[in-house]
Amino acid sequence: MRILLTAAIWVAFAGGVALFTARRDARGPVVSFERGPAKGVFAVEVTASFAASPDPFALDTGDVKAAGLVVRVNGVEAIRSTTVEPGVAIRAEPVAAVVEGKNELFIEASPPQDQLSRRHAVRVRVLRDGEPVAERTFWSEPGSPVAAAFPLDVPAAPREEDAHDH
């Protein structure tokens, strides 16, 4: 009796999966909408409150060297700097990885080893055609580098016909 019950459950499970895939495939191809690049020239500006330097424990792997500051936009590296002066803004322009809609910036900055016991800040600004789109300041916990993800929603640029009020 147990063998028959096991066989019935197996047939019901396998049949359900087969039915699901057959119905899914009968609907036709899946249409995906790829987001294009956002209109305008984007820039990312980063200012650290400390002298960022490479982590002495970071590994250099082939072409990728350890850096004091790294900024990625949607997984594409926009800024990589080995040393950063406190209060001096580092700017990357143009940043082509920005798309209309949801974006993500990842910021990682390593303070010097002798200053790890303090809190540090990194200010990030995103600009479109020189105008600020978003800005945010990230703080580290004592003993750790600044590492944060920054979600960013980029609205569509206004069309030219919308810009003229007649």
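My aim in this report is to walk through the structure given alongside it, one point at a time. These numbers come from a predicted model, not from an experiment.

### A few points about the nonpolar core
Grouped together as the largest cluster of nonpolar side chains are 30 residues, with contacts concentrated most on V44, L69, L105, I107, V122 and V124. Contributions of two or more residues to this core are made by β1 (42-48), β2 (69-73), β4 (89-92), β5 (101-109), β6 (121-128), β7 (131-139) and β8 (146-154). Looking at this core, the element that brings in the most residues is β8, giving five residues. Those residues within four positions of V44 in sequence are excluded, and the remaining contacts are V71, V73, I79, I90, R91, A92, V95, L105, V124 and R125.

### Re the pattern of salt bridges
Working definition: two side chains of opposite charge can pair if their charged atoms are close together. If you walk through the whole model with that rule in mind, you get six salt bridges. Among the salt bridges present, the one from R91 reaches E45, with a minimum N-O distance of 3.5 Å. Placement of R91 in strand β4 and of E45 in strand β1 is noted, with a sequence separation of 46 residues between them. Given a relative accessible area of 41%, R91 falls into the partly exposed group. On the accessibility criterion, E45 (14% relative accessible area) is buried. The salt bridge partner of E135 is R123, with a shortest N-O separation of 2.7 Å. Here E135 is found in strand β7, whereas its partner R123 is found in strand β6, with twelve residues between them in sequence. Residues joined by salt bridges that share partners form a network here, namely E45, R91, E93 and R125.

Rules behind the numbers
Residues numbered from 1 in each chain as written. Predicted model: local features only at pLDDT ≥ 70, side-chain atom pairs only at ≥ 80, totals over all residues. Heavy atoms only, no water. Core = buried A, V, L, I, M, F, W, Y, C linked by side-chain atoms within 4.5 Å. Buried < 20%, exposed > 50% of the residue type's maximum accessible area, 1.4 Å probe, protein only. Helix = DSSP H or I, 4+ residues; strand = E, 2+ residues; numbered from the N terminus. Contact = heavy atoms within 4.5 Å. Salt bridge = Lys/Arg side-chain N within 4 Å of Asp/Glu carboxyl O.

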